[in-house]
Amino acid sequence: MTIYAEVIGDPIAQSKSPTIHRFWLEALGLPGDYRHAHVKADELADYIAGRRADPDWRGCNVTMPHKQAAIPLVDRLDRSAEEIGAVNTIVREADGSLVGHNTDAAGFLEPIRPFLRRQHLFRMARVLGTGGAARAIVSALAGEGFVLVLAGRDTGKAGALLAELAGGEHHVAPLDHFATRTDFAFDDRAGCLDLIVNATSLGMTGQPPLAFDFSHAPPGSIAYDIVTAPVETSFLQQARAQGLRTVDGLEMLVGQAAVAFRLFFDAEPPRDRDPELRSKLLA
């Protein structure tokens, strides 16, 4: 038998995770496989129970809509999953116990680490969305000293999420607040770091585009979209048209996958081959 890990979700056919992990396994000459499994909400408990009994199963990545539903189905949470309140990686340990991890926060921060190493007078992030990925993003950015504006259709949910994960002085806004033009005059942004993050599924294939008016983006902002299908979203296209720096969803996906790969296969992914991997993901 071959050891394997996989990614689960509903839907799941669009996932690029198998391509990433198989690329690394082949590059390192390691035995093993990485698959995908379509698991609906009412099938999740049975899926976990079945895989728990399989000694060749090293674990799985967990995507929408299971990141919180998976919590009571594991034996314990590591610190990242406990703090964020969401599981995106389940690892089967040698004794058969299941540990829930969250690699989203580390993956999200990886592409912007060069900016975070600098000193700033002020850091602000406008995060659009309140789902499972947003939980990790809010936690990660709060830990890096950002003042957050969290926007969602349900502002009560956004406020509760900030209170749970961020603490300090942050702000809530309705999602449609950013859809219409503002005449707000941003002050001198020298020494400041501003992020605009699409943490929703808007812009994903089959979904309507994110309605965001870039008058809400301070000069010099970084526009970050976690959507991976398509990689080139209208949000990122508009940001570049405004002269803003951009980060796409593949960068976060590869970053979080690297953490999961170490957990599943106890090996360091060959990140020096990232350009080749990205070409494969874009093919």
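Just above, that's the structure.
Conventions adopted
- Residues numbered from 1 in each chain as written.
- Predicted model: local features only at pLDDT ≥ 70, side-chain atom pairs only at ≥ 80, totals over all residues.
- Heavy atoms only, no water.
- Helix = DSSP H or I, 4+ residues; strand = E, 2+ residues; numbered from the N terminus.
- Rg over C-alpha atoms; globule rule 2.2 N^0.38 Å.
- Buried < 20%, exposed > 50% of the residue type's maximum accessible area, 1.4 Å probe, protein only.
- Contact = heavy atoms within 4.5 Å.
- Areas by Shrake-Rupley, 256 points an atom, 1.4 Å probe, with all protein chains shown as cover.
- Pairing = 2+ DSSP bridges.
- Right-handed = clockwise from strand over helix to strand, strands pointing away.
- Axes fitted to C-alpha atoms, helices over the stretch in contact; angles between N-to-C directions.
- Salt bridge = Lys/Arg side-chain N within 4 Å of Asp/Glu carboxyl O.

Our focus in this paragraph is the overall build of the protein. A tally of regular secondary structure across the protein gives ten helices and twelve strands. In terms of C-alpha radius of gyration, the protein reaches 19 Å, essentially the compact-globule figure of 19 Å for 283 residues. When the backbone C-alpha atoms are referred to their principal axes, the protein occupies close to 65 × 40 × 40 Å. Counting all 283 residues of the protein, 52% fall into the buried class. For the protein, the proportion of contacts with a sequence separation of at least 24, taken over those separated by at least 6, is 66%. About 12,800 Å² of surface is accessible on the protein, with carbon and sulfur atoms providing 50% of the total.

Here we come to the pairing of strand 8 (residues 147-152). Burial runs high along strand 8: six of the six residues are buried. Alternating positions in strand 8 separate into two faces, V147, V149 and A151 on one and L148, L150 and G152 on the other, with burial throughout. Here strand 7 (residues 122-128) runs beside strand 8; their pairing, made up of five bridges, is parallel. Following the sheet pairing, R126 is matched in strand 8 by V149. Handedness of the β-α-β unit built from strand 7, helix 6 (residues 132-143) and strand 8 comes out right-handed. As a crossover connection, the stretch from strand 8 through helix 7 (residues 155-165) into strand 9 (residues 171-174) is right-handed.

Looking now at the sheet that holds strand 1 (residues 4-9). Sheet architecture is open: six strands sit in the order 2-1-3-5-6-4, paired in mixed fashion. Here the strands that pair on one side only, and so sit at the sheet edges, are strand 2 (33-38) and strand 4 (76-77). Note that strand 5 (residues 89-92) and strand 6 (residues 98-101) share four bridges and pair antiparallel. Residue pairing across strands places T89 opposite H101, the latter belonging to strand 6. Strands in contact with helix 2 (residues 44-52) are strand 1, strand 2, strand 3 (57-62), strand 5 and strand 6; relative to strand 1, the strand with the most contacts, it is inclined by about 175°.

A few words now on the pattern of salt bridges. Considering all chains together, one arrives at 18 salt bridges under this definition. Two residues, K67 and D104, come together in a salt bridge whose shortest N-O distance is 2.7 Å. Here the residue K67 occupies a position in the loop between strand 3 and strand 4, and D104 occupies one in helix 4 (residues 104-109), the gap between them amounting to 37 residues. Looking at D104, the relative accessible area reads 5%, which means it is buried. Here D183 makes a salt bridge to R181, at a shortest N to O gap of 3.9 Å. Assessed through its relative accessible area of 72%, D183 is described here as exposed. When salt bridges with common partners are traced through the structure, they connect R22, D33 and R35 into a single cluster.

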